[in-house]
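Analysis of the macromolecular model
Letter by letter, the chains look like this.
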Amino acid sequence: MATVYLVRHGQASFGKANYDQLSPTGWEQGRVLGRWLADKVTPAAIFGGNQERHRETVEAIATGFGTRLPDMQVAPGFNEFDHTSVLTCYRPEWRDREIMARDLAAFPKPARAFQEAFVQAVRRWASGEHDHDYEETWPDFKARVLKAFDDMIEYADGGDVLVATSGGPISVICQHLLALDDRRALGLNEVIANTSVSRVLYSGPRCSLSVFNNYSHLEAEDPALVTFR
């Protein structure tokens, strides 16, 4: 059987003008993963969404890997959902970043307050009760992720593949493989670490999840590198 290595991108630049870029920690997480993969994996192909943090994660992995990797093939189906839209449909006033910053600053732990609001926003999106508010509904998101996954499996034709993506697509793929309900799938999304590796074994159309959310490579080098947002 061959393996698909689903990699969540390195830490992005939360709170910066361009969230989609990796933070310095994100770059180091990618390099650490590359070193860890170097003597374990020889990917026949690399896929990723067309978001900057996906491309930069592959670049960081390649730096740590040390030898040339295949060029990343862009598959927009592996993009994350529009987190800004999901959040502001839940809290419309947060379209103004200054208001969001002011509201969060009122909490003793602003990052935790943001995460709690974001979890509620995602649950609202996935509930199906407000689909008219969203350009991409939860069912639409799942359908395009799974199509990208199926297309990638067909293209790989039995070779090992590395996919740089985000927590949302990884949780959708795991939901599909494990036949989980939406509530459990959203729970998975909340705990996927940056540059963690989830492994899917496949042979033809048969696929099974063998590892979920492994970030031991970070713990081995520097536990402070373990981040979830």
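The structure this text deals with has already been given above.
Keep in mind it's a predicted model, so treat the numbers as computed, not measured. (Residues numbered from 1 in each chain as written. Predicted model: local features only at pLDDT ≥ 70, side-chain atom pairs only at ≥ 80, totals over all residues. Heavy atoms only, no water.)

Re the packing of aromatic side chains
In this structure the tally under the stated criterion is nine aromatic pairs. Ring geometry for Phe-81 against Trp-125: centres 4.6 Å apart, planes inclined by 40°, an arrangement best described as tilted. Placement of Phe-81 in the loop between β3 (72-74) and α3 (83-90) and of Trp-125 in helix α5 (residues 110-126) is noted, with a sequence separation of 44 residues between them. Each member of the pair, Phe-81 together with Trp-125, is buried. These aromatic residues form a ring-pair network of at least three members: Phe-81, Phe-114, Phe-118, Trp-125, Trp-138 and Phe-141. (Phe/Tyr/Trp six-rings, centres within 6.5 Å; stacked < 30°, edge-to-face > 60°. Helix = DSSP H or I, 4+ residues; strand = E, 2+ residues; numbered from the N terminus. Buried < 20%, exposed > 50% of the residue type's maximum accessible area, 1.4 Å probe, protein only.)

Here we look at the pairing of strand β5 (residues 197-203)
Each regular strand carries side chains that alternate between the two faces of the sheet. As judged from the six bridges shared by strand β1 (residues 2-8) and β5, these two strands associate in the antiparallel manner. Bridging across to β5, Ala-2 finds its partner in Tyr-202. Count of turn residues in the β5/strand β6 (residues 206-214) antiparallel hairpin: two residues, of which Gly-204 carries a positive phi of about 60°. (Pairing = 2+ DSSP bridges.)

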